[in-house]
Amino acid sequence: KHTIQMTWDGYENISEKLTFTHKPMVLNKTLQAKQVKAEANTSASVASTTSGNKRTFTVNGVSFTMIHVAGGTFQMGSNVSDEKPIHSVTLSSYFIGETEVTQALWTAVMGSNPSNFKGNNLPVEMVSWNECKTFIRKLNDLTGENFRLPTEAEWEFAARGGNRSCGYEY
């Protein structure tokens, strides 16, 4: 008599008691993905930092920071690439992640890490657009917030330093 346990990150564990005989035996089980609970912030705690331009959130023990970007107008595009023509864009204020989504945060929300180059503080990679949309939906369910991906203009404005830019391209 033996107990076989099957485990995989992000999936429910299976434990099966078997009695081995001399006859061939087949064990056919399917691991089921863990369900992320979306109840009123029971598996996520949300906290704001004391800094006026930053908000820090903690999800299943993993913290990430969103930085406030004051709205403004900037010249988007470049004459030295395929981003022509340069044009004026005006944005309202918004928050953007201080870093890319880390593998630790992805795992805390999704229950698994699809990345090829492993490291909790490295950006998650090897994910599809649809997986990103699922991640954001689950993150919103856990935190009660309304996170989304930045627009191209929002990303470029933040990358250039927002209203504090000294005319740097990046």
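Report on the accompanying structure. Since we're looking at a predicted model, the values are computed, not measured.

Digging into the nonpolar core
Taken as a class, soluble globular proteins show a tendency for nonpolar side chains to be buried jointly.
For step 1, the next point in the chain: Judged by nonpolar contacts, the single largest core of 17 residues is most densely connected at Val59, Phe64, Leu105, Val109, Phe135, Leu139 and Phe147.
For step 2, the next point in the chain: For this core, the secondary structure elements donating two or more residues are strand 4 (54-59), strand 5 (62-69), helix 1 (103-110) and helix 2 (129-143).
For step 3, the next point in the chain: It is helix 1 that provides the largest number of residues to this core, a total of six residues.
For step 4, the next point in the chain: With nine residues, the next largest nonpolar core counts Val69, Val89, Leu91 and Ile96 among its residues.

Side note on the layout of surface pockets
For step 1, the next point in the chain: By volume, the largest pocket amounts to about 1100 Å³.
For step 2, the next point in the chain: Together, 38 residues line the largest pocket, and Ile96, Gly97, Thr99, Val101 and Pro150 are the ones closest to its centre.
For step 3, the next point in the chain: Residue assignment for the lining of the largest pocket shows that the elements contributing at least two residues are strand 4, strand 5, strand 8 (94-97), helix 1, helix 2 and helix 3 (152-159).
For step 4, the next point in the chain: Put simply, the second largest pocket is a space of about 290 Å³.

Some points on the side chain of threonine 65
For step 1, the next point in the chain: Inspection of the secondary structure assignment puts threonine 65 in strand 5.
For step 2, the next point in the chain: For threonine 65, the side chain forms a polar contact with the side chain of threonine 56, separated by 3.2 Å.
For step 3, the next point in the chain: Excluding residues that lie within four positions of it along the chain, threonine 65 makes contacts with Lys54, Arg55, Thr56, Ile96, Gly97 and Glu98.

Brief notes about helix 2
For step 1, the next point in the chain: Here helix 2 spans 21 Å end to end across 15 residues, near enough to the 21 Å set by a 1.5 Å rise per residue.
For step 2, the next point in the chain: All of the buried residues in helix 2 are Cys132, Phe135, Ile136, Lys138, Leu139, Asn140, Leu142 and Thr143.
For step 3, the next point in the chain: Residue glycine 144 follows helix 2 closely and has a positive phi angle near 75°.

Quick look at the pattern of salt bridges
For step 1, the next point in the chain: The full count for this structure, using the stated rule, is five salt bridges.
For step 2, the next point in the chain: Among the ionic pairs, arginine 55 bridges to glutamate 145, the shortest N-O distance being 3.4 Å. Placement of the pair is arginine 55 in strand 4 and glutamate 145 in the loop between helix 2 and helix 3, with a sequence separation of 90 residues.
For step 3, the next point in the chain: Given a relative accessible area of 26%, arginine 55 falls into the partly exposed group.
For step 4, the next point in the chain: Take glutamate 145: its relative accessible area is 27%, and that puts it in the partly exposed class.
For step 5, the next point in the chain: Of the charged contacts, one joins glutamate 156 and arginine 160 as a salt bridge, the two residues approaching to 2.8 Å between their closest N and O atoms.

Remarks on the packing of aromatic side chains
For step 1, the next point in the chain: Tallied over the full model, the rule gives five aromatic pairs.
For step 2, the next point in the chain: Measuring from ring centre to ring centre gives 5.2 Å for phenylalanine 57 and phenylalanine 147, while their planes differ by 80°; the resulting arrangement is edge-to-face. A residue pair is termed long-range when its members are at least 10 positions apart, and phenylalanine 57 in strand 4 and phenylalanine 147 in the loop between helix 2 and helix 3 qualify at 90 residues. For the pair phenylalanine 57 and phenylalanine 147, one class covers both residues: buried.
For step 3, the next point in the chain: Look at phenylalanine 74 and phenylalanine 157: their rings are 5.1 Å apart centre to centre, the planes differ by 40°, and that puts the pair in the tilted class. Highlighted residues: phenylalanine 74 in strand 6 (residues 72-76) and phenylalanine 157 in helix 3, separated in sequence by 83 residues.
For step 4, the next point in the chain: Given a relative accessible area of 2%, phenylalanine 157 falls into the buried group.
For step 5, the next point in the chain: By the ring-pair criterion, three or more aromatic residues cluster together here, those being Phe57, Phe64 and Phe147.

Criteria and cut-off values
Residues numbered from 1 in each chain as written. Predicted model: local features only at pLDDT ≥ 70, side-chain atom pairs only at ≥ 80, totals over all residues. Heavy atoms only, no water. Core = buried A, V, L, I, M, F, W, Y, C linked by side-chain atoms within 4.5 Å. Buried < 20%, exposed > 50% of the residue type's maximum accessible area, 1.4 Å probe, protein only. Helix = DSSP H or I, 4+ residues; strand = E, 2+ residues; numbered from the N terminus. 1 Å grid on protein atoms, 1.4 Å probe; cavity = no way out; pocket = protein on both sides within 12 Å on 5 of 7 lines; lining within 4 Å. Points joined across faces, edges and corners; volume = space filled by probe spheres on them. Polar contact = N/O pair within 3.5 Å; in protein donor to acceptor, adjacent residues only side chain to side chain. Contact = heavy atoms within 4.5 Å. Expected span 1.5 Å × (residues − 1). Salt bridge = Lys/Arg side-chain N within 4 Å of Asp/Glu carboxyl O. Phe/Tyr/Trp six-rings, centres within 6.5 Å; stacked < 30°, edge-to-face > 60°.

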